[in-house]
Amino acid sequence: YRDAGISLGDPFRFRREISDARVLKTWSKLHPKKIAESWNYNSAFNDYSIKRRNQDVLVFTSDRPYHAEAKKYTQTGNYFHRLYSMKEGNIKLFDAPFNQLNNIGTASFSNDGNYVIFSQCNVNPRIPDPYCKLYESYFKNGKWSPAKQLEICAEDANYVHPELSKDGTELY
């Protein structure tokens, strides 16, 4: 496995996949009535934080290339993180104006899927604030509003991985 990983440029990939399989096997023994399904959203890139927007659409974060001319972030060598949506197995870039600048991190949606809080990290050296902040946007009349930074975000501090409570009244 190690040799196969080296030939693919990631000597630890197979070790992680074997570890994941062992965890799933243990989990399935502890929860025999639950069914774990493989989803086709995984890629060779960093895909994480899958969230349900509504009954039909899942949203996740990934640093996969979002178009042929996608640029890489010089500090990591990876593509910029963006939100992606998946509906009926079809994956596309999440259609929102805020999903085109900087690194977009994890998102959390209201129960009706019409409100989102997400993290956005500035990577433009000409902008003086290098920190990650939380932003919000509303879905109205078939489109997302421009993102607005939450007032709770202080300068010189990072805010990442937001999560709304089930009833949408608390932010974690």
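Look above for the structure.
Thresholds applied
Sequence order sets the numbering: in each chain, residues are counted from 1 along the sequence as written. Only residues with pLDDT of at least 70 get local features here, since the model is predicted, and only at 80 or more are side-chain atom pairs given and counted; chain-wide, interface and lining totals rely on the full set of residues. Only heavy atoms go into the side-chain values, all of them from the structure, while hydrogens and water stay out. When DSSP finds two or more bridges between a pair of strands, those strands are recorded as paired. Helix and strand assignments follow DSSP, with helices taken as H or I runs no shorter than four residues and strands as E runs no shorter than two, numbered in order from the N terminus. Lines fitted to the C-alpha atoms define the axes, with helices restricted to the stretch that makes contact. Angles between their N-to-C directions range from 0 to 180 degrees. Side-chain rings of Phe, Tyr and Trp, where Trp is taken by its six-membered ring, are said to pair if the distance between their centres is within 6.5 Å; with planes under 30 degrees apart they count as stacked, over 60 as edge-to-face, and otherwise as tilted. Any residue under 20% of the maximum accessible area for its type is buried, any over 50% is exposed, and the rest in between are partly exposed; the area is computed with a 1.4 Å probe on protein chains only. Here, over-ring charges are defined by two tests on the NZ atom of lysine or the CZ atom of arginine: distance to the ring centre within 6 Å, and angle to the ring normal within 35 degrees.

Before going further, it helps to spend a moment on the sheet that holds strand β2 (residues 57-62). The 4 strands lie next to each other as β1-β2-β3-β4, forming an open sheet whose pairing is antiparallel. A single partner strand is all that each edge strand has here, and the edge strands are β1 (47-52) and β4 (90-93). Within this sheet the neighbouring strands show an average axis-to-axis angle of 30°, counted without direction. Summarising the sheet, strand β3 (residues 82-87) and β4 pair through 4 bridges and their orientation is antiparallel. Across the sheet, residue S85 finds its bridge partner in β4, namely K92.

According to the stated counting rule, one finds 11 aromatic pairs in the structure shown. Relative to Y138, the ring of Y115 has its centre 4.8 Å away and its plane inclined at 45°; by these criteria the two rings are tilted. In this pair, Y115 sits in strand β6 (residues 115-121) while Y138 sits in strand β7 (residues 132-140), placing the two residues 23 residues apart along the sequence. Relative accessible area serves as the criterion here: at 16%, Y115 is assigned to the buried category. Judged by its relative accessible area of 36%, Y138 falls in the partly exposed class. Here the aromatic residues F94, F98, F109, F118, Y135, F139 and W144 are joined through ring pairs into a cluster of three or more. Above the ring of Y84, the side-chain terminus of R64 is found at 5.4 Å from the ring centroid. The ring of Y138 is capped by K140, whose NZ or CZ atom sits 5.4 Å from the centre of that ring.

By themselves these figures say nothing about function.
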